[in-house]
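# Fold and geometry: a report
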Amino acid sequence: MALTFDDGPSSALTPSFLTSLAKRGVPATFFVVGQRVAASPALVRRAARAGHVVGNHSYAHENLLFLTDAGIRSTLRRTATAIRSAGVTPSALMRPPYGAVDDRVRRVAGELGLTSVLWDVDPRDWEFGDAATIARRVLGALHPHGSNVVLLHDGVARSSITLQALPAIVREARARGYCFARLGPGGRPTPPVPAVSVPDTVVREGDPGSPTTLRFTLRLDRPTSRRVSVRVRTASVSAVTGDDFTRVVRRVRFPVGVVRRSVAVSVRGDRIDEARERMRLRLDRGRRLTIADARATGTIRDNDPRPNLDIRDASVVEPLEGRPWSRCG
Ligand code: ZN
């Protein structure tokens, strides 16, 4: 499902909408009014930087059916210019004020590269009803596997009530299995597909009996609007599974809105002087994400003293007894 907010930005309320959406990891689409963008360009920037889509809702909320072709072009172009002046690339989406659209308006908008987008769910938040009522209207109109584009307003007199309805809409819709998406280029809800990456990491080997931890940090390049996951597993390179570190095979899940998860690999200490040892963390079987880094290297730095090569020095020879000889051959 896709939440869309019309008629902003509003300096009074849009910041609160952005905060509420960010807190819940919900991406949305804002259909902005050009003259309001010119008055509050920072708000449009903030929305775009938070990953929301910014669409065109005309310059002064005109009914496009009453404008000439030139008038339609003018109001849509001025709005696009205001959005660009705010430092934001406008999407190719246009929502006609009042939903007033016909073939002529669609054609003129289309000549400017804009797709006209309406909605599937209209709780009439701008008109009447308290927060609970607005939430109930939205939730009652959702259809599983439907498009579920929801019309809401962040820039009208009653928008503070819409803001109050937002937590229940998000909570209840998620409880029913819906995930939130921005509108894609065709005006359809399109969940973001994040890419996961994992940088190399280093740990200093601990003393015998006091294991240390190699900590890999998996990062998503954007917040998710649905749970995504990837499988991780450790692999030997010069460091050997079971001897130098404990095997890890598990699925790492990113809940909604979370962009970082860490994977801990327990490293065993020994008292042998060795070159730096390396192991790998491999990523595969991604669900609803793409894998930017399929593997990362974990380096275990040795902290042991250089050995005294005098064979009579038992303190050097002794720890070797526990080592797998296959590795030394
Ligand atoms: Zn409107």
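Up top is the structure these notes are about.
Let me begin by describing the structure that accompanies this report. Just so it is clear, the model here is predicted, and its values are computed rather than measured.

A word on empty space enclosed by the protein. Counting across every chain of the model gives one cavity of 30 Å³ or more. Lining the largest cavity are Gly 8, Pro 9, Thr 14, Phe 30, Val 32, Leu 43, Val 44, Ala 47 and Asp 154. Of all elements in the fold, only β2 (28–32) and α3 (41–49) reach the threshold of two or more residues within the lining of the largest cavity. Of the residues forming the lining of the largest cavity, the biggest block, three residues, is contributed by α3. Along the lines of polarity and charge, the residues of the lining of the largest cavity split into six nonpolar, two polar and one charged.

With that out of the way, let us pick up the packing of aromatic side chains. Here the structure, examined in full by the defined rule, presents two aromatic pairs. Where Phe 5 meets Phe 30, the ring centres are 5.3 Å apart and the plane angle is 25°; that geometry is what we call stacked. With a gap of 25 residues between them, Phe 5 in strand β1 (residues 2–6) and Phe 30 in strand β2 connect regions that are remote in the sequence. Through a chain of ring-to-ring contacts, the aromatic side chains of Phe 5, Phe 17 and Phe 30 assemble into a single cluster. The residue whose ring lies beneath Arg 78 is Tyr 59, and the NZ or CZ to ring-centre distance is 3.9 Å. Here Arg 137 stacks its cationic end above the ring of Phe 128, 4.2 Å away from the centre of that ring.

A word on the coordination of the zinc ion. The zinc ion binds to the protein through Asp 7 (OD), His 57 (NE2) and His 61 (NE2), with metal-donor distances spanning 2.0 to 2.1 Å. Sequence positions of the residues that donate to the zinc ion give the spacing D-x49-H-x3-H. Placement of Asp 7 in the loop between β1 and α1 (14–24) and of His 61 in the loop between β3 (53–56) and α4 (69–85) is noted, with a sequence separation of 54 residues between them. Taken as a pair, Asp 7 and His 61 share a single burial class, namely buried.

The next point concerns the sheet that holds strand β9 (residues 195–197). With mixed pairing, the four strands of this open sheet are ordered in space as β14-β11-β9-β16. Each end of this open sheet is capped by a strand with a single partner; those strands are β14 (260–267) and β16 (290–291). Direction of pairing for strand β11 (residues 212–220) relative to β14: antiparallel, over a ladder of eight bridges. Directly across from Leu 214, in β14, lies its bridge partner Val 265.

Our focus in this paragraph is the pattern of salt bridges. Following the criterion strictly, the structure yields 10 salt bridges and no others. The salt bridge involving Arg 124 is made with Asp 122; its shortest N-O contact spans 3.6 Å. We classify Asp 122 as partly exposed; its relative accessible area is 29%. Measuring nitrogen to oxygen at the nearest pair gives 2.8 Å for the salt bridge that ties Arg 231 to Asp 284. Here Arg 231, found in strand β12 (residues 228–236), pairs with Asp 284, found in strand β15 (residues 277–287); they are 53 residues apart in sequence, far enough to count as distant. For the pair Arg 231 and Asp 284, a shared accessibility class is recorded, and that class is buried. Ionic contacts of the salt-bridge type, sharing partners, join the residues Asp 69, Arg 73, Arg 104, Arg 107 and Glu 111 into one network.

With that settled, consider the pairing of β11. By the bridge criterion, two bridges tie β9 to β11 in an arrangement that is antiparallel. If you follow Ser 197 over to β11, its bridge partner there is Arg 219.

A few words on a positive patch on the surface. Among the surface-exposed residues, Arg 227, Arg 253, Arg 285, Arg 287 and Arg 288 lie close enough to one another that they form a single positively charged patch. For Arg 227, a relative accessible area of 52% corresponds to the exposed category.

Conventions adopted
- Residues numbered from 1 in each chain as written.
- Predicted model: local features only at pLDDT ≥ 70, side-chain atom pairs only at ≥ 80, totals over all residues.
- Heavy atoms only, no water.
- 1 Å grid on protein atoms, 1.4 Å probe; cavity = no way out; pocket = protein on both sides within 12 Å on 5 of 7 lines; lining within 4 Å.
- Points joined across faces, edges and corners; volume = space filled by probe spheres on them.
- Helix = DSSP H or I, 4+ residues; strand = E, 2+ residues; numbered from the N terminus.
- Nonpolar A, V, L, I, M, F, W, Y, C, P; charged D, E, K, R; others polar.
- Phe/Tyr/Trp six-rings, centres within 6.5 Å; stacked < 30°, edge-to-face > 60°.
- Lys NZ or Arg CZ within 6 Å of the ring centre and 35° of its normal.
- Donors = N, O, S within 2.8 Å, 3.2 Å for Na, K, Ca; no water.
- Buried < 20%, exposed > 50% of the residue type's maximum accessible area, 1.4 Å probe, protein only.
- Pairing = 2+ DSSP bridges.
- Salt bridge = Lys/Arg side-chain N within 4 Å of Asp/Glu carboxyl O.
- Patch = residues over 30% accessible without salt bridge, like charges linked within 9 Å, V, L, I, M, F, W, Y side chains within 5 Å.
- Areas by Shrake-Rupley, 256 points an atom, 1.4 Å probe, with all protein chains shown as cover.
- Lys, Arg positive; Asp, Glu negative; His and termini not counted.
- Charge placed at Lys NZ, Arg CZ, Asp CG, Glu CD.

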